[in-house]
Amino acid sequence: MSTFPRARNGSQIPGRAGGVGLARAVVPVAALAIALCVPTAYADLTKVRAPAALPGPIAGLPGLLPPPSRPPSTVATVDRPEFRSMAGELEGRVPDHLWYGQIFVDVTYATPEKRAGEVVGLGGGGDSAIWSGHYLAGEAFRYALARAAQANDERVRAKERVDALVAGAHRNLNISKNWKAKGIYSPVFDAEAGILFRNCFPEAVPDWQQDQGPDRNERIFGPLPWDDGKNYYCQGTFTRDQYTGAVFGLLMTLDLVGPDDPALRAQVRDDLFTMTGYLVRHGWSVVRPENTIHDPTPAVEPLVNGISWVIFMAQAARHAAQTAGTLADQIKWEAIWAETFAAMSLLLPGSQSPIANSPSVGYYSYNLAHGQAYHNIRLEPRAAERSFFRESFSQIDSTTKDDGNTHFEAITYALTGEPERLNLATQHLEEWLQYRARWSDAICMSCQCGLTLQCIPEDQVIYEARQPDGTWVAVATTPGTSARLRSSRVLRIADERTPQDFLWQRSPYQGSGDLDRDARPTEGNAGVDFLLPYYMLRYHTELSPPAYAPWPEYPLRIR
């Protein structure tokens, strides 16, 4: 059971484009050229270039509204018996989802009884790196809570999970050092450490864990030798999704667990350096030694169009240097940060504008944006840059703040201290318990089209402007052309939303054909979408309450 006293001090998927906004936009050639040159040679590590001047303040955008000035009101309590009970139940089930240091949120059991240990299939392997990182972040928060409460058994259990996940991430991002190109392409295109695989399995595992035969998924490369003396098969296709999730978890581990374990802290620091250093050297791209297992031609996967993600990765390595690095590390990564910020900051407001996004198609990118914003804002030491990030992100928040999304509300509460965010997060966590109770059931929301729902094409976008009296009025519509439908309104969590891998990355309008789902009586879900916001909310209410600092409200949103 995951119970500790109140703290005294208070299925494989193809690759996809991650990131927000500019996944559908073109990076200006000049900015791209700058980005591909980051960094220049460090001939003199004793000189740190000052950060570039900030672009014109977002506050100059038409209609940006000042933040509310009313004092905080009474907030909800997160530490409650029903939440503790659910956390304990889910933590007890994690061994069925944790394989070789990585989480698989969906698994298949032998029978509908879903008896622990009787797993016969793993799903969601294509996103394992994301959810492993999200769960790792949750366990870091759990560790911090247990440590503060002096709940030693709970602290040990959390630390065991942290150690396993960090070891898995360390392997998955360093095993590429042994990935050799084939034939004439070696050694020029041999890989380096720092490429983050989605998942890795030891050689000769059963097919229900990973197909390693000649007809396997064409992105499962191997065998690759690892430091433990074993060979592994690892799934590639590298996206910002994987990096965001993994780094989210590693950063929380660095800050909350690392101070108690110097060896762990050093390894996490070095892994953040390794990942980001590889991307910097390769112009924010991944260079694969082979295109697929059937095609030995090397291939390049550019990832630079994720503006917020590039800033996030540079911020992560910079923070690792500031926290646990040498003076030379700090100088190097401060210089990289300065150049990265200069190249990308001008593009950030545009990439996070509602005009560049959709309320339904690609909604998962909002999950990435929130994770990146949490760290970009909380780790930024300079007030001007921190304000810039907050105002930029307010554009996304204008659309997502009323989506009924506990994870987003936990993050925005941590960044603003607004009690309304905490109250909503707690309310929606309660509704998640009802959602969980029907997770394996069939659901047919398309049956409600024309009855309780107005259903529209999933790619239809309605633009709304905020009026002086606080109401929102539709001012424009981009008609949809998709044959797939979505709800025109936010669906209720408890009884209307289709069960998903990680609920908070899925559109509350249930786009992408997800209005319906068949019953899955033998499928189990790890519940990371409960554990992460639950531990995060407890951490930010009991150990690190945020100051009341709302950001300006952006007066345009999409529906």
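Predicted model, so just to flag it, every value in this text is computed and none were measured.

Structural notes on the sheet that holds strand β6 (residues 220-225)
- The sheet built from three strands is open, its strands ordered β5-β7-β6 with antiparallel pairing. A strand with exactly one partner marks an edge of an open sheet, and here the two such strands are β5 (199-202) and β6. The sheet shows a mean angle of 30° between the axes of neighbouring strands, direction not considered.
- Here β5 pairs with strand β7 (residues 231-235) via four bridges, running antiparallel. Counted as the bridge partner of Phe201 is Tyr233 from β7.

A short note on the nonpolar core
- With 124 residues, the main nonpolar core has Leu272 and Phe530 as its most contacted residues.
- The residues touching Phe530, leaving out its near neighbours within four places in the chain, are Phe83, Met86, Ala87, Leu90, Leu429, Trp432 and Leu433.

Quick notes on the confidence of the model for the protein
- Predicted confidence across the protein gives a mean pLDDT of 88, with 88% of residues reaching 70 or more.
- For the stretch residues 1-60, pLDDT sits under 50, and the model shows 153 contacts to residues farther than four places along the chain or on other chains.

Re the state of the cysteines
- For the coordinates displayed, the defined rule picks out three disulfides.
- Note that Cys200 is cross-linked by a disulfide to Cys234, the S-S spacing being 2.1 Å. Residues Cys200 and Cys234 share a disulfide whose torsion about the S-S bond is about 115°; that sign makes it right-handed. In this pair, Cys200 is assigned in strand β5 and Cys234 in strand β7, connecting sequence segments 34 residues apart.
- Its relative accessible area of 0% is what places Cys200 among the buried residues.
- Look at Cys234 and you get buried, because its relative accessible area is 0%.
- Ordinal numbering of bonded cysteines along the protein defines a disulfide pattern of 1-2, 3-4, 5-6.

What to know about the pairing of β7
- The buried count for β7 comes to four of five residues, which makes it a mostly enclosed element.
- Pairing between β6 and β7: four bridges, direction antiparallel. For Ile220, the partnering residue across the bridge sits in β7 and is Gln235.
- Hairpin connection, β6 to β7: the antiparallel pair is bridged by five residues, and Gly229 has positive phi, about 90°.

Notes on the pairing of strand β3 (residues 106-109)
- For β3 and strand β4 (residues 119-123), the ladder comprises four bridges, and the chain directions are antiparallel. Within β4, the position partnered with Thr108 by the bridge is Gly121.

Examining the packing of helix α5 (residues 240-256) against helix α6 (residues 262-281)
- In contact at an axis separation of 9 Å, α5 and α6 are set at 150° when each is read in the N-to-C sense. Between α5 and α6, the angle falls in the class roughly antiparallel. Remark: the crossing between α5 and α6 carries left-handed chirality. In contact with Tyr243, Val247, Leu250, Leu251, Thr253 and Leu254 of α5, α6 contributes Leu264, Arg265, Val268, Arg269, Leu272, Met275 and Leu279.

What about the sheet that holds strand β13 (residues 472-478)?
- Strand order in this open sheet of three strands is β13-β12-β17, and the pairing throughout is antiparallel. Both edges of this open sheet fall to β13 and β17 (556-558), since each of them pairs with a single strand only. Between one strand axis and the next, the sheet turns through 30° on average, direction left out of account.
- Inspection of the sheet shows strand β12 (residues 461-466) paired to β13 by six bridges, in the antiparallel sense. Directly across from Val461, in β13, lies its bridge partner Thr478.

About the thresholds
- Residues numbered from 1 in each chain as written.
- Predicted model: local features only at pLDDT ≥ 70, side-chain atom pairs only at ≥ 80, totals over all residues.
- Heavy atoms only, no water.
- Pairing = 2+ DSSP bridges.
- Helix = DSSP H or I, 4+ residues; strand = E, 2+ residues; numbered from the N terminus.
- Axes fitted to C-alpha atoms, helices over the stretch in contact; angles between N-to-C directions.
- Core = buried A, V, L, I, M, F, W, Y, C linked by side-chain atoms within 4.5 Å.
- Buried < 20%, exposed > 50% of the residue type's maximum accessible area, 1.4 Å probe, protein only.
- Contact = heavy atoms within 4.5 Å.
- pLDDT = per-residue confidence, 0-100.
- Disulfide = S-S within 2.5 Å.
- Parallel < 35°, antiparallel > 145°, perpendicular 65-115°, else oblique.
- Left-handed = near helix turned anticlockwise from the far one by under 90°.

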